[in-house]
Amino acid sequence: MVELNENKRQAELIDRINILAHKQKQSGLDPEEKQEQATLRKEYLANFRKGFRDQILHTKLYDKKGHEITPEKVHKIQKNNGWRQD
């Protein structure tokens, strides 16, 4: 359920960012709207980076022979979080 709320929030951020971008091209933004746009972009990027990091941390990599080659740093984080048994 949390993921749905995060996805919904991201969609809302994108919609508002696009509205402000369109308005900026048409007639320009006032200082309050520019501040809102900057804040929304920062939030969107922070959420994107968090999601990307989470995706990387939950991924295991294997070579063509089937041997795991997950980087040691990721392996340690996965183990510390209880996502790995080895």
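A. Local environment of helix 3 (residues 72-80). For helix 3, every residue scored as buried is listed here: Val74, His75 and Gln78. Seen from one end, helix 3 has its buried residues packed into an arc of 100 degrees, which puts them on one side. What points out from helix 3, more than 90 degrees from its buried face, is the exposed set Lys73 and Asn80. Immediately beyond the C-terminal end of helix 3, within one or two residues, lies Gly82, with a positive phi of roughly 80 degrees.

B. Spotlight on the pattern of salt bridges. Applying the stated rule across the entire model yields six salt bridges. A salt bridge links Glu33 to Lys23; the shortest N-O distance between them is 2.5 Å. Linking Glu33 in helix 2 (residues 31-57) with Lys23 in helix 1 (residues 2-26), this pair joins segments that are 10 residues apart in sequence. Under the relative-accessibility criterion, Glu33 is labelled buried at 15%. Since its relative accessible area comes to 31%, Lys23 is described here as partly exposed.

C. Region of the structure containing the nonpolar core. Membership of the largest hydrophobic core is limited to five residues, which are Leu13, Ile17, Leu20, Leu29 and Leu40. Broken down by element, this core gets its largest block of residues, three residues, from helix 1. If we ignore the near neighbours within four places in the chain, the residues touching Leu40 are Leu13, Arg16, Ile17 and Leu20.

Quick notes on the rules
Here the residue numbers are simple positions, counted from 1 along each chain's written sequence. The predicted origin of the model limits local features to residues at a pLDDT of at least 70 and limits the giving and counting of side-chain atom pairs to 80 or more, whereas totals for whole chains, interfaces and linings rest on all residues. The basis for every side-chain value is the complete set of heavy atoms in the structure, and neither hydrogens nor water enter the calculation. Here's how the labels work: a residue is buried when its accessible area is under 20% of the maximum for its type, exposed when over 50%, partly exposed in between, all with a 1.4 Å probe on protein chains only. Counting from the N terminus, the helices are the DSSP runs of H or I reaching at least four residues and the strands are the DSSP runs of E reaching at least two. By definition, the arc is the one covered by directions from the helix axis to the C-beta atoms. Salt bridges are identified by distance alone: a Lys or Arg side-chain nitrogen within 4 Å of an Asp or Glu carboxyl oxygen. The definition of a nonpolar core used throughout is a set of buried Ala, Val, Leu, Ile, Met, Phe, Trp, Tyr and Cys residues joined through side-chain atoms within 4.5 Å. Contacts were defined at the residue level, with two residues in contact if any of their heavy atoms lie within 4.5 Å.

By themselves, these observations are geometric and do not establish any function.
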